[in-house]
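The chain contents come next:
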Amino acid sequence: MHMSPQDVTVVALLADPDAPTEIAERMARALSARLAERSGQGRRFDVKVISEPFTAGTEDPHTLMRRIKDRGSAEDWDIVVALTDLPLHSHGRRLAVDLSHEHGLALLSLPSLGGLRLQTRARRAVEEAVLGLAGLRDTGAEGRPRSQRHPGPPAVRLTALPPGQAGEEGTADLRYVVSGPRGYLRVLAGMVRANRPWRLVPGLSKALAAALATGAVATVNSTVWSLAEALSAPRLVIAMVGSVALMIGWLIVDAELWHRPPEGSPEASQRARLYNASTVLTVGIGVLVCYVGLLLINVVWALFILNDQVFAAMTREPLDAAEYWTLSWFVASTATVGGALGSGLESDEAIRAAAYSKREQERRQMARDDHGDQRVT
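Labelled according to an unreviewed UniProt entry, the protein chain appears under the name 5,10-methylene-tetrahydrofolate dehydrogenase, originating from Streptomyces yangpuensis.

In structure tokens form, the structure reads like this:
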């Protein structure tokens, strides 16, 4: 299709629910103006955001590109850019972007952009993809070598890879991948960022309440004073690490967040390792935030409730700043164990965002509901 400079290019941002949709909606506010400014020649862009679980049931890039193509063919869209928070793999490679210049399609895996400045990086990648697809579709008949007309998504270092080199022939005619240990860490950081670990903290309200109650009682217990006084710094560190690890393990086991891949699939095993690593890091960040909060609350509570004369009589040590800190540190570890028990009262919904497998189940259910609604109507 050849468009005149005054034509409007309709760009659809097809986004998975949750984080990808939020990112797409934020970038869409100014994307039309930015695309028009960068493209020049009086071209205008109409950007639409469509939130659909287009990845439900599959993580195969070829299948996803076919779904995107079928979805776009049913609408009056010139370019479709699909955004997902799934880490996509193909033949052992971590996929960042798939492009189909023939059909005007792009598939972007957000975790490949890393965990920092995700909104900015995603916007730049989408801009480059749209401008590249629009430009190529306008000038495809000019006969210039295709290799000279392939722009790459900026902001992160990606490797251009024609799909044929990966042993796959499909809809995409250009692929960008991340490789090496740094690429693995970037994808892992992007997955943790997509999990939004800060949302785990308010979801653990019952666990925090149990931990606060445990800490309040332990702070006024003279036996706890003696134990805290007798513990060395290394043992306090061990107590902290042990209590945090117990909390993390209990949350993962209780909510069934551990992902078990099907046997006999190396790619599924690789993906499961990424899923589980991101889950452990996400839950770990949430638990550490809770631990620091408990520690600070315990310090304030100890300053308010403890009497230096009573403390000195029981422990034969003056109640100074070091004693306040040591006692609060030990109590925070003890309270975290109590919080782990309290976390069993939480619903899976409170911590489901910490696991990709849980979100995949939700998207499958959303897709089934959508199909059911269509059959009813």
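**Some points on helix 4 (residues 180-195)**
For helix 4, spanning 16 residues, the distance from its first C-alpha to its last is 23 Å, which sits close to the expected 22 Å at 1.5 Å a residue. Where helix 4 is concerned, the buried positions are Gly183, Arg186, Val187, Leu188, Gly190, Met191, Val192, Ala194 and Asn195. Just past helix 4, the residue Arg196 takes up positive phi, approximately 50 degrees.

**Here we look at a nonpolar patch on the surface**
Side chains of Val220, Trp301, Phe304 and Ile305 sit close together on the surface and give an oily, nonpolar patch of about 390 Å² of accessible area. By secondary structure assignment, the location of Trp301 is in helix 9 (residues 266-305). Since its relative accessible area comes to 30%, Trp301 is described here as partly exposed.

**Overview of the packing of helix 4 against helix 9**
The packing of two helices is summarised by the inter-axis angle and the distance between the axes. Across the interface, helix 4 lies against helix 9 with an axial gap of 9 Å and an inter-helix angle of 55 degrees. The angle between helix 4 and helix 9 falls in the class oblique. You can see that helix 4 and helix 9 cross each other, and the crossing is right-handed. Every residue of helix 9 that contacts helix 4 at Tyr184, Val187, Leu188, Met191, Val192 and Asn195 is listed here: Leu274, Tyr275, Ala277, Ser278, Leu281, Thr282 and Ile285. When grouped by side-chain class, the residues that make up the contact of helix 4 with helix 9 number 10 nonpolar, 3 polar and no charged.

**Here we look at the confidence of the model for the protein chain**
Across the protein chain, the average pLDDT comes to 80, with 79% of residues at 70 or higher. The secondary-structure element of the protein chain with the lowest mean pLDDT is helix 12 (residues 356-376), recorded at 58, while strand 3 (residues 79-84) shows the highest, at 95. Throughout residues 1-5 the model reports pLDDT below 50, and contacts reaching past four residues in sequence, or to other chains, amount to 10 contacts. Taken as a whole, residues 136-152 scores under 50 in pLDDT and shows 25 contacts with residues more than four places along the chain or in a different chain.

**A look at the UniProt feature "transmembrane region" (unreviewed entry) in the protein chain**
The UniProt record annotates "transmembrane region" (unreviewed entry) at residues 207-227, 233-253 and 274-304. Across residues 274-304 one finds 100% helix and 0% strand; the C-alpha atoms that close the span lie 45 Å apart.

**Examining the packing of helix 7 (residues 222-230) against helix 10 (residues 308-315)**
Between helix 7 and helix 10, whose axes approach to 10 Å, the crossing angle comes to 65 degrees. Regarding the angle of helix 7 to helix 10, the classification is roughly perpendicular. Between helix 7 and helix 10 the crossing geometry is right-handed. Here Ser222, Trp225 and Ser226 of helix 7 come into contact with helix 10, specifically with Val310, Phe311, Met314 and Thr315. When the residues that make up the contact of helix 7 with helix 10 are grouped by side-chain class, the tally is 4 nonpolar, 3 polar and no charged.

**Concerning the pattern of salt bridges**
Across all of its chains, the model carries 10 salt bridges by this definition. Of the charged contacts in the structure, one is a salt bridge between Arg71 and Glu75, with a shortest N-O distance of 2.9 Å. The partly exposed category is assigned to Glu75, whose relative accessible area is 36%. In this structure, the salt-bridge partner of Asp98 is Arg175, at a minimum N-O distance of 2.7 Å.

**Describing the nonpolar core**
If you look at soluble globular proteins, the nonpolar side chains tend to sit buried side by side. Judged by nonpolar contacts, the single largest core of 56 residues is most densely connected at Leu13, Ile68, Leu83 and Val126. Looking at this core element by element, the count peaks at 9 residues for helix 3 (residues 118-139). Aside from chain neighbours lying at most four places away, what touches Ile68 is Leu14, Phe54, Val80, Ala82, Leu105, Ala106 and Leu107. Formed by 32 residues, the second largest nonpolar core is a distinct cluster that contains Ile248, Cys290, Ala302 and Tyr324.

**A closer look at the environment of Arg260**
One can find Arg260 in the loop between helix 8 (233-254) and helix 9. Taking the relative accessible area as the measure of exposure, Arg260 reaches 68% and is therefore exposed. Considered as a pair, Arg260 and Ala272 are 12 residues apart in the sequence and their alpha carbons are 6.6 Å apart.

**Let's talk about the environment of Val10**
Along the chain, Val10 turns up in strand 1 (residues 8-15). Judged by its relative accessible area of 12%, Val10 falls in the buried class. For the pair Val10 and Arg44, spaced 34 residues apart in sequence, the C-alpha to C-alpha distance is 8.8 Å.

About the cut-offs
- Residues numbered from 1 in each chain as written.
- Predicted model: local features only at pLDDT ≥ 70, side-chain atom pairs only at ≥ 80, totals over all residues.
- Heavy atoms only, no water.
- Helix = DSSP H or I, 4+ residues; strand = E, 2+ residues; numbered from the N terminus.
- Expected span 1.5 Å × (residues − 1).
- Buried < 20%, exposed > 50% of the residue type's maximum accessible area, 1.4 Å probe, protein only.
- Patch = residues over 30% accessible without salt bridge, like charges linked within 9 Å, V, L, I, M, F, W, Y side chains within 5 Å.
- Areas by Shrake-Rupley, 256 points an atom, 1.4 Å probe, with all protein chains shown as cover.
- Salt bridge = Lys/Arg side-chain N within 4 Å of Asp/Glu carboxyl O.
- Axes fitted to C-alpha atoms, helices over the stretch in contact; angles between N-to-C directions.
- Parallel < 35°, antiparallel > 145°, perpendicular 65-115°, else oblique.
- Left-handed = near helix turned anticlockwise from the far one by under 90°.
- Contact = heavy atoms within 4.5 Å.
- Nonpolar A, V, L, I, M, F, W, Y, C, P; charged D, E, K, R; others polar.
- pLDDT = per-residue confidence, 0-100.
- UniProt positions renumbered as here; feature names shortened; annotations may be inferred.
- Core = buried A, V, L, I, M, F, W, Y, C linked by side-chain atoms within 4.5 Å.

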